[in-house]
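# Reading the structure
Take a look at the letters that make up each chain.
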Amino acid sequence: KLTVVLPYAPLWLPGATTLLCTWHIRTNVDTATAKSFLGQRSEHEEFLREFAACLRATSLTQLIGLLAEMDEKWPAKAVKYVRDTLEEEREKCVAAWTQKYFTGGLPTTAGAEFTHSVLKRITDKRRTSWLNIVNAVSAMWNEMVANLGRGGRRDHQQVAVGIAVK
């Protein structure tokens, strides 16, 4: 179990740090701020894009500027949630701090989350056989490995969608 192993990680990997998945953080912000934008979906989506820009901020000065712009433009309760989230977790999710750590270019687990959802859709079908599941996982794996050499990160999602639809 991770709860048993994690306390010992600094002994095995002294330079390691904990980073948070930006996809999960954005999802939490989306859920927590939705009530501030009832009936205004396009405004909420713009607010979330501006929050995502905060996560990509490459300096504290840039982050402060982006938050100041949000203060002037959006509901106070929604911006307060963003500020509280970033105050508590910024070293684990904002580019200005996380860029000094190796992430392999993947600051989010969205690809894995997407693949999990596809596999869940495949296995939810009543007529799914183990062979279909193995073939789907194999096709996704092969596409991901092929993309490593091309620098691509999203093609495996397209492959997974095609497999899930079949």
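Going by the structure above, here's the rest.
A brief structural summary. Everything quoted here is computed from the prediction, not taken from an experiment. Each chain has its residues counted from 1, running along the sequence as written. The model is predicted, so local features are restricted to residues of pLDDT at least 70 and side-chain atom pairs to those at 80 or more, both for listing and for counting; the totals for chains, interfaces and linings are taken over all residues. Note that the side-chain values use all heavy atoms of the structure and ignore hydrogens as well as water.

Counting 21 residues, the largest nonpolar core has F47, F51, L63, M70, V82, L86 and V94 as its most contacted members. Put simply, DSSP H or I for four residues or longer makes a helix, DSSP E for two residues or longer makes a strand, and each gets a number counted from the N terminus. Counting residues per element, the ones that place at least two in this core are α3 (22-33), α4 (41-55), α5 (60-73) and α6 (76-93). Two residues qualify as a contact provided that any one of their heavy atoms is within 4.5 Å of a heavy atom in the partner residue. Residues in contact with V82, not counting those within four places in the same chain, are V29, F47, F51, L67 and M70. We call a set of buried Ala, Val, Leu, Ile, Met, Phe, Trp, Tyr and Cys residues a nonpolar core when their side-chain atoms join them within 4.5 Å. For every residue, the accessible area obtained with a 1.4 Å probe (protein chains only) is divided by the maximum for its type, and the residue is called buried under 20%, exposed over 50%, and partly exposed between those limits.

Inspection of the secondary structure puts H44 in helix α4. Note on H44: relative accessible area 2%, which makes it buried. Once residues lying within four places of it in the same chain are set aside, the contact partners of H44 are D30, T33, A34 and F37.

A few words now on the packing of α4 against α6. Pairs of packed helices are described in terms of their axes, by the angle between the two and the distance that separates them. Whenever a helix is involved, its axis is fitted only over the stretch in contact; in every case the axis is a line through C-alpha atoms, and angles between N-to-C directions fall within 0 to 180 degrees. Between α4 and α6, the shortest axis-to-axis distance is 11 Å and the interhelical angle comes to 25 degrees. It follows that α4 is roughly parallel to α6 by the angle criterion. As for how α4 packs across α6, the hand of that crossing is right-handed. Contacts from F47, F51, C54 and L55 in α4 reach A78, V79, V82, L86 and C93 in α6. Amino acids outside the nonpolar list (Ala, Val, Leu, Ile, Met, Phe, Trp, Tyr, Cys, Pro) and the charged list (Asp, Glu, Lys, Arg) are all regarded as polar, and Gly is one of them. Tallied by class, residues from the contact of α4 with α6 come to nine nonpolar, no polar and no charged. Each angle is binned into one of four classes, with values under 35 degrees roughly parallel, values over 145 roughly antiparallel, values of 65 to 115 roughly perpendicular, and all other values oblique. Each helix crossing is assigned a hand: it is left-handed if the near helix lies turned anticlockwise from the far helix by less than a right angle, otherwise right-handed if that turn is clockwise.

Purely geometric numbers; function is a separate question.
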